[in-house]
Amino acid sequence: MNESPFRLPSPRSPLSSPIRSSRSRVVLAALLILGVLASLVPATPAAALRGAAHGVGYLHTDGVSWIGTYRLDDGGLAFCLEAGRASPIGSSYESQLTDAALGHSREETAQVAYILRKWVATPDPDAAAAAALAVWTIMGLNGHSQAWYASRAGDRARQVLTLTGEVLREAASNANVDQKVDVRFDIDADGRLGVTTDLVLTHIGGRTSTAPDSAAVGRITATGATIPDGSSSGLVVNGERRVLTPTGEGAVTAISVSADYADLPFGAAVAVGTSVGGAQALLLPVTTTGLARGASAYDLISPLPFQPRVLTKTSAATAESGTLLRDELSLDVEPGDGLLREWGVFRSGDGFAPIPVTIRSRLLGPFASAPTVEPDWPSDAPEVCTVETVMASGPGTTTTAGCTIPTAGYYVWVESIDPADTPVDQGRDRLRPWRSPFGVATEVTLTPALPSIVTRADASTAAPGSCVSDHLEATGIPSGVSLEVESLLVGPLAERIEDGHDFTDDLGPGLDGLPVAGRTTTTVVGGFGSDADAEAEAGAGAGADLVSATTDCVDVPAPGHYAFVLRSPGTEADADGRQLVPAFADLVAHRAEMIDVPEPEVPTVPPTPPAPPSPPAAPAKPAALAFTGDEVLPKLLAGAGALSVGVFAVLGTLVARRLRARSTVAASDAEA
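These notes cover the structure that comes with them.

Calculation criteria
Residues numbered from 1 in each chain as written. Predicted model: local features only at pLDDT ≥ 70, side-chain atom pairs only at ≥ 80, totals over all residues. Heavy atoms only, no water. Helix = DSSP H or I, 4+ residues; strand = E, 2+ residues; numbered from the N terminus. Expected span 1.5 Å × (residues − 1). Buried < 20%, exposed > 50% of the residue type's maximum accessible area, 1.4 Å probe, protein only. Polar contact = N/O pair within 3.5 Å; in protein donor to acceptor, adjacent residues only side chain to side chain. Disulfide = S-S within 2.5 Å. Axes fitted to C-alpha atoms, helices over the stretch in contact; angles between N-to-C directions. Parallel < 35°, antiparallel > 145°, perpendicular 65-115°, else oblique. Left-handed = near helix turned anticlockwise from the far one by under 90°. Contact = heavy atoms within 4.5 Å. Nonpolar A, V, L, I, M, F, W, Y, C, P; charged D, E, K, R; others polar. Salt bridge = Lys/Arg side-chain N within 4 Å of Asp/Glu carboxyl O. Pairing = 2+ DSSP bridges. Core = buried A, V, L, I, M, F, W, Y, C linked by side-chain atoms within 4.5 Å.

## Thoughts on helix 3 (residues 125-139)
Move 1: Between its first and last C-alpha, helix 3 extends 21 Å over 15 residues, near the 21 Å set by a 1.5 Å rise per residue.
Move 2: The buried fraction of helix 3 amounts to 14 of the 15 residues, a majority that puts the element mostly inside the structure.
Move 3: Its side-chain oxygen 3.2 Å from the backbone nitrogen of Asp-126, Asp-124 forms the N-cap of helix 3.
Move 4: Following helix 3 by one or two positions, Gly-140 adopts a phi angle in the positive range, close to 130°.

As structure tokens, this is what we get:
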């Protein structure tokens with residue numbers, strides 16, 4: 001209780017009070033005799049009390065006037081409520097609880113109730129006399145002053161009068177006209193819900209205070225939760241915190257707690273004893289009369305974590321390059337042991353709001369082949385873009401922002417939820433992370449490749465029986481994708497082929513009925529050439545768009561007209577029957593692919609002239625000219641030849657000089 005006891009003087013026995021007349025002694029002796037005799041009489045029924053004697057206080061020197069408490073036949077003490085009326089000693093009383101004693105206000109009754117609770121059992125005669133005088137002051141002094149009544153204490157009158165003022169001030173300050181139970185809920189550092197019941201006192205003038213902890217024992221009853229012993233109800237002292245365990249399994253559990261405290265040492269209720277014989281009414285010693293109740297409700301957010309999950313579906317299973325691809329997200333909660341079965345909430349204003357999450361979507365790719373389902377994402381996977389979608393309303397379906405597909409290949413959406421994206425005060429601690437698997441079929445989009453292959457024969461003419469090759473330059477094949485390209489040499493044809501002639505116009509894509517001189521298959525790898533020269537021509541190597549390859553040569557067996565055409569079965573189909581590179585063909589004759597093989601020219605042979613007459617036989621060489629060795633005869637022949645040439649040269653020179661001399665002489669004669 002917030003009661004401030006005043007400092008009391010040292011107690012004095014009422015028997016030590018001075019008795020100044022023989023009459024007083026006689027009265028006192030008579031009272032003692034009557035008390036002994038009364039003890040020999042059978043007790044009255046428990047329903048009635050009798051005033052037995054003076055209690056603690058002072059008897060005036062007149063031997064009649066008393067100030068203090070009265071003793072009842074059950075040993076208890078009481079205060080008189082009506083100054084100036086007959087003494088209660090010897091009278092029987094019936095008691096009744098009331099908060100308006102003898103027609104007085106609730107505030108006045110509260111003060112006398114406070115005085116009763118605190119001083120009715122005091123052994124100090126000064127305090128008992130002051131408390132009795134304070135009660136009379138509140139209930140009525142019957143036309144006399146406080147000092148007039150205080151004089152009954154004899155030489156202690158001044159002290160009694162002083163103490164009376166202190167009693168009245170304390171009663172006016174601490175007496176309470178009402179009381180209630182304040183039921184408080186709180187969440188501790190471990191996230192546990194607790195309830196505390198406080199007794200709140202309303203004092204005169206409207207001031208309130210809280211009763212000291214453990215001042216009273218009451219009972220609490222919980223709905224939607226249990227107390228530590230597993231039950232829903234139990235005893236509790238005021239100011240004590242009890243932990244509650246919710247029994248609901250939802251995101252929010254409605255919990256209510258009621259508290260009842262009875263027989264409180266507070267309040268304005270008093271027990272008034274009235275006598276049918278006209279004696280004074282008594283303020284009986286019922287010190288615990290107050291009743292307080294209270295209740296409160298609390299919507300408890302479940303402390304259990306919850307596991308979000310996302311079901312996803314790409315906006316297109318097949319799309320062209322440049323398409324804006326989106327992902328459809330369906331958010332819900334995944335149940336599990338120790339997990340909340342529904343979406344978690346947090347307190348927002350006067351209500352609750354779903355815990356917000358951010359779904360981070362990544363478009364991975366392109367991949368050269370259809371991905372398979374894996375629990376983890378490939379760490380080195382290329383990424384097209386990342387988009388974030390905030391889901392602030394809890395479970396539901398939405399569509400992400402888009403990502404533009406850059407080129408051919410397989411693309412895969414993957415999603416994740418990170419609690420770090422959720423504010424702490426909006427439920428981060430109860431949100432579990434989530435990450436999608438990789439390669440789920442509903443998340444895969446295929447952008448087919450549309451390759452273009454330009455070809456060029458390595459010769460426009462060739463001789464029958466020669467071998468010719470075709471040079472391929474391919475674009476639009478995804479990097480790392482292997483593609484088988486079949487080159488067919490159509491021919492020989494009797495007539496020259498026109499540029500742009502489509503062989504399928506007449507014979508269909510199977511080319512049935514056309515002569516095919518030969519065929520060869522070449523592997524073309526996107527981003528790579530098929531040989532060293534092709535790699536150099538591709539330039540950038542891996543990832544380059546243009547790749548080159550040269551086919552194996554094909555024999556041209558006979559004269560006629562030929563043209564290279566090509567076709568490909570495309571890449572292997574995935575589980576859904578889709579091909580990254582669909583089957584394609586180019587069965588059109590292009591000028592650069594045409595080869596002419598003309599008939600071989602037959603050379604003209606001139607007629608054979610008649611044979612000249614045989615020369616005379618040479619004389620036989622002497623046997624003496626025979627030689628051995630391999631080099632003598634050639635040397636001799638060479639020397640003879642050289643000598644003959646020199647002789648003929650000298651002879652020629654001489655003849656020429658002779659002719660010029662003759663010409664000079666003839667000319668001179670002519671001039672003469």
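After that view of the structure, there is still more to cover.
## As for the state of the cysteines
Move 1: Overall, the coordinates contain two disulfides when judged by the stated rule.
Move 2: A disulfide bridge connects Cys-385 with Cys-403, and the sulfur atoms are separated by 1.5 Å. Note on the Cys-385 and Cys-403 pair: the S-S dihedral is about 70°, so by sign convention the disulfide is right-handed. You can see Cys-385 sitting in strand 22 (residues 383-391) and its partner Cys-403 sitting in strand 24 (residues 403-404), a full 18 residues away along the chain. The two residues Cys-385 and Cys-403 agree in class, both being buried.
Move 3: In this model Cys-467 forms its disulfide with Cys-553; the gap between the sulfur atoms is 2.0 Å. Taking the sign of the S-S torsion, 100° for the link of Cys-467 and Cys-553, the bridge is right-handed. Taken together, the residues span a long stretch of sequence, with Cys-467 in strand 29 (residues 467-468) and Cys-553 in the loop between strand 33 (547-550) and strand 34 (554-555) at a distance of 86 residues.
Move 4: Cys-553 gets classed as partly exposed once you look at its relative accessible area, which sits at 42%.

## Focus on the packing of helix 3 against helix 5 (residues 157-174)
In a packed pair of helices, the relevant descriptors are the angle between the two axes and the axis-to-axis distance.
Move 1: One way to put it is that helix 3 packs onto helix 5 with a least axis distance of 8 Å and a crossing angle of 60°. Accordingly, the angle class assigned to the pair helix 3 and helix 5 is oblique. Once helix 3 is placed against helix 5, the crossing between them reads as right-handed. Across from Asp-126, Ala-127, Ala-129, Ala-130, Ala-131, Leu-133, Ala-134, Thr-137 and Ile-138 in helix 3, the residues of helix 5 making contact are Gln-159, Val-160, Leu-161, Leu-163, Thr-164, Val-167 and Leu-168.
Move 2: Counted by class, the contact of helix 3 with helix 5 contains 12 nonpolar, three polar and one charged residues.

## Description of the pattern of salt bridges
Move 1: A complete count under the given rule lists 21 salt bridges for this structure.
Move 2: Notably, a salt bridge pairs Arg-293 with Asp-260, separated by 2.9 Å at the nearest N-O pair. One end of the pair, Arg-293, is in strand 15 (residues 290-301); the other, Asp-260, is in strand 12 (residues 252-264), with 33 residues separating them in the sequence.
Move 3: Note on Arg-293: relative accessible area 58%, which makes it exposed.

## A few points about the sheet that holds strand 18 (residues 327-334)
Move 1: With antiparallel pairing, the three strands of this open sheet are ordered in space as 16-18-23. Strands with a single pairing partner mark the edges of an open sheet, and in this sheet they are strand 16 (307-314) and strand 23 (396-399). Across the sheet, the axes of successive neighbouring strands diverge by a mean angle of 25°, strand direction being ignored.

## Thoughts on the pairing of strand 6 (residues 193-203)
Move 1: Within strand 6, 10 of the 11 residues are buried, leaving the element largely enclosed by the surrounding structure.
Move 2: Relative to strand 6, strand 5 (residues 176-187) is paired through 11 bridges, and the arrangement is antiparallel. Residue pairing in the sheet places Asp-178 in a bridge with Thr-202 of strand 6.
Move 3: Between strand 5 and the antiparallel strand that follows it, strand 6, lie five residues; Gly-191 among them carries a positive phi value of about 80°.
Move 4: Note that strand 6 and strand 11 (residues 241-246) share four bridges and pair antiparallel. Paired with Gly-194 across the bridge in strand 11 is Val-243.
Move 5: Of the strand pairs in this sheet, strand 6 and strand 7 (residues 208-210) are connected by three bridges, and their pairing is antiparallel. Paired with Thr-202 across the bridge in strand 7 is Thr-208.
Move 6: Where strand 6 folds back on strand 7, the antiparallel hairpin that results is connected by four residues, among which Gly-205 adopts a positive phi of roughly 95°.

## A closer look at the nonpolar core
Move 1: Of all hydrophobic cores here, the largest spans 54 residues; its most connected members are Ile-67, Phe-79, Ile-115, Trp-119, Trp-136 and Val-160.
Move 2: The dominant element in this core, judged by the number of residues it contributes, is helix 3, at 11 residues.
Move 3: One finds Trp-377, Ala-408, Val-524 and Ala-549 within the second-largest nonpolar core, a separate group that totals 25 residues.

## Thoughts on the packing of helix 2 (residues 106-119) against helix 5
Move 1: Helix 5 packs onto helix 2 with a crossing angle of 115° between their chain directions and a minimal axis gap of 9 Å. Comparing their axes, helix 5 and helix 2 come out roughly perpendicular. Where helix 2 crosses over helix 5, the two elements pack in a sense that is right-handed. Across from Gln-111, Tyr-114, Ile-115, Lys-118 and Trp-119 in helix 2, the residues of helix 5 making contact are Val-167, Leu-168, Glu-170, Ala-171, Ala-172 and Asn-174.
Move 2: Classifying every residue of the contact of helix 2 with helix 5 gives seven nonpolar, two polar and two charged.

## Describing the sheet that holds strand 33
Move 1: One open sheet holds the three strands; their spatial order is 28-30-33, and the pairing between them is antiparallel. Unpaired on one side and paired on the other, strand 28 (452-457) and strand 33 mark the two borders of the sheet. For this sheet the average axis-to-axis angle between neighbouring strands, irrespective of direction, equals 20°.
Move 2: Examined bridge by bridge, strand 28 and strand 30 (residues 470-475) share six bridges and lie antiparallel to one another.

## Structural notes on unusual backbone geometry
Move 1: A cis amide bond links Gly-365 with the next residue in sequence, Pro-366, at an omega value of 5°.
Move 2: For the peptide bond that leads from Gly-491 to Pro-492, omega is 0°, which places it in the cis range.
Move 3: Backbone geometry places Ser-214, a non-glycine residue, at a positive phi of 65°.
Move 4: Mapped onto the fold, Ser-214 is located in the loop between strand 7 and strand 8 (217-223).
Move 5: The phi angle at Asp-263 is positive, at roughly 55°, despite the residue not being glycine.
Move 6: Structurally, Asp-263 can be placed in strand 12.
Move 7: The class for Asp-263 is exposed, based on a relative accessible area of 54%.

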